[in-house]
There are 2 protein chains.
Amino acid sequence: MDSFFEEALNQAKKSFQEGGIPIGSVLVHNGQIIGKGHNRRIQQGSVILHGEMDALENAGRQDAAIYKQSTIYTTLSPCPMCTGAILLYGIPKVVIGENKTFLGAEDLLKQHGVEVVVLDNQECVDLMDAFIQKNPEEWNEDIGEESSKK
Amino acid sequence: MDSFFEEALNQAKKSFQEGGIPIGSVLVHNGQIIGKGHNRRIQQGSVILHGEMDALENAGRQDAAIYKQSTIYTTLSPCPMCTGAILLYGIPKVVIGENKTFLGAEDLLKQHGVEVVVLDNQECVDLMDAFIQKNPEEWNEDIGEESSKK
């Protein structure tokens, strides 16, 4: 497994172990991880710290040119918010663990010329399945969907 | 002036007084402000806390149904990231102070059926002008553009 994707997956596992939504991400520039993170809805009560957003935030302030030479890895297909952040900073490549659990705004990424690679990684699917089975409402909340249970 | 927009403008002024990028936002549900905030790039070194994102974050975890009955006010046209957050949560209406300094992804909002109101407020333009004249590099960084000075 690609070591960068492996670290994104490790971040997802870390979030799962914390009781959080198991989505992780890393931002890679020039062969180095410059930011990594995971979803923090449960852990911090955050509505904006999806995995990708947390990785970007943890990378800190970067020159525009850095983003434009970077790749972002994420274990799950990026939602519209994370897609928008990728477009804002002009990140040219996104490597996605899986898009079966949730298909994000991949079309919008492609329309803007972003290279999108989907790995179809079963471990990512299994982690999400394990979380969603126990916490369907929290997952619906994370993607702005009304829970059928409410 | 609409009191909700006035509070978004107050948030922008607060950010300006702190030395930050003068963009403010409020999230309004059922006639009440449930979240307010402003850009925090300079103040907190944040690359994701644009005004709208800060207002959403400060509103905290909300049921999906709440967002779908809310309006977000922002002093400046929302960038792709903030637009994506608005789409993720299904906020149906965006009131924008101005879009002369920066035209965000308003077309994408409209394509998704979001009502977009632009106030053409001169005070918002003047605040941004005052900031950008003194800090062109910080502003370029905030919108992912390479500075001509570098």
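For the structure itself, look to the data block above.
Residues numbered from 1 in each chain as written. Chains lettered and ligands numbered in written order. Predicted model: local features only at pLDDT ≥ 70, side-chain atom pairs only at ≥ 80, totals over all residues. Heavy atoms only, no water.

Q: Can you break down helix α3 (residues 51-59) of chain A residue by residue, with the values?
A: All names here are of chain A. The buried fraction of α3 amounts to eight of the nine residues, a majority that puts the element mostly inside the structure. Among the residues making up α3, those that are buried are G51, E52, M53, D54, A55, L56, E57 and A59. Count one or two residues on from α3 and you reach G60, which has phi positive near 75°. (Buried < 20%, exposed > 50% of the residue type's maximum accessible area, 1.4 Å probe, protein only. Helix = DSSP H or I, 4+ residues; strand = E, 2+ residues; numbered from the N terminus.)

Q: Can you explain the environment of T75 of chain A? Please cite residues and give values.
A: All names here are of chain A. Tracing the chain through its elements places T75 in strand β3 (residues 70-76). Residue classification places T75 among the buried positions, given a relative accessible area of 2%. Residues T75 and H29, spaced 46 residues apart in sequence, show a C-alpha to C-alpha distance of 18 Å. Beyond its immediate stretch of four places on either side in the chain, T75 contacts F5, A8, L9, A12, P22, I23, G24, G97, E98 and C124. (Contact = heavy atoms within 4.5 Å.)

Q: Before we move on, can you summarise the packing of helix α1 (residues 3-17) of chain A against helix α7 (residues 122-134) of chain A with the specific residues and values?
A: All names here are of chain A. Here α1 crosses α7 at 15°, and the two axes come no closer than 11 Å. Between α1 and α7, the interaxial angle falls into the category roughly parallel. Like other packed secondary-structure pairs, α1 and α7 cross with a definite hand, here left-handed. Along its contact with α1, which presents F5, L9, A12, K13 and F16, the element α7 presents E123, C124, L127, A130 and F131. Grouping the amino acids of the contact of α1 with α7 by side-chain chemistry returns eight nonpolar, no polar and two charged. (Axes fitted to C-alpha atoms, helices over the stretch in contact; angles between N-to-C directions. Parallel < 35°, antiparallel > 145°, perpendicular 65-115°, else oblique. Left-handed = near helix turned anticlockwise from the far one by under 90°. Nonpolar A, V, L, I, M, F, W, Y, C, P; charged D, E, K, R; others polar.)

Q: Go over the pairing of strand β4 (residues 93-98) of chain B with me, naming the residues and quoting the values.
A: Residue and element names in this part refer to chain B. When you tally the buried positions in β4, you get five out of six residues, the bulk of the element. The sheet contact formed by strand β3 (residues 70-76) and β4 spans five bridges and is parallel. Across the sheet, residue L76 finds its bridge partner in β4, namely E98. Each parallel crossover has a hand, and the one from β3 via helix α5 (residues 80-89) to β4 is right-handed. Where the polypeptide runs from β4 across helix α6 (residues 106-111) and back to strand β5 (residues 115-118), its parallel neighbour, the crossover connection is right-handed. (Pairing = 2+ DSSP bridges. Right-handed = clockwise from strand over helix to strand, strands pointing away.)

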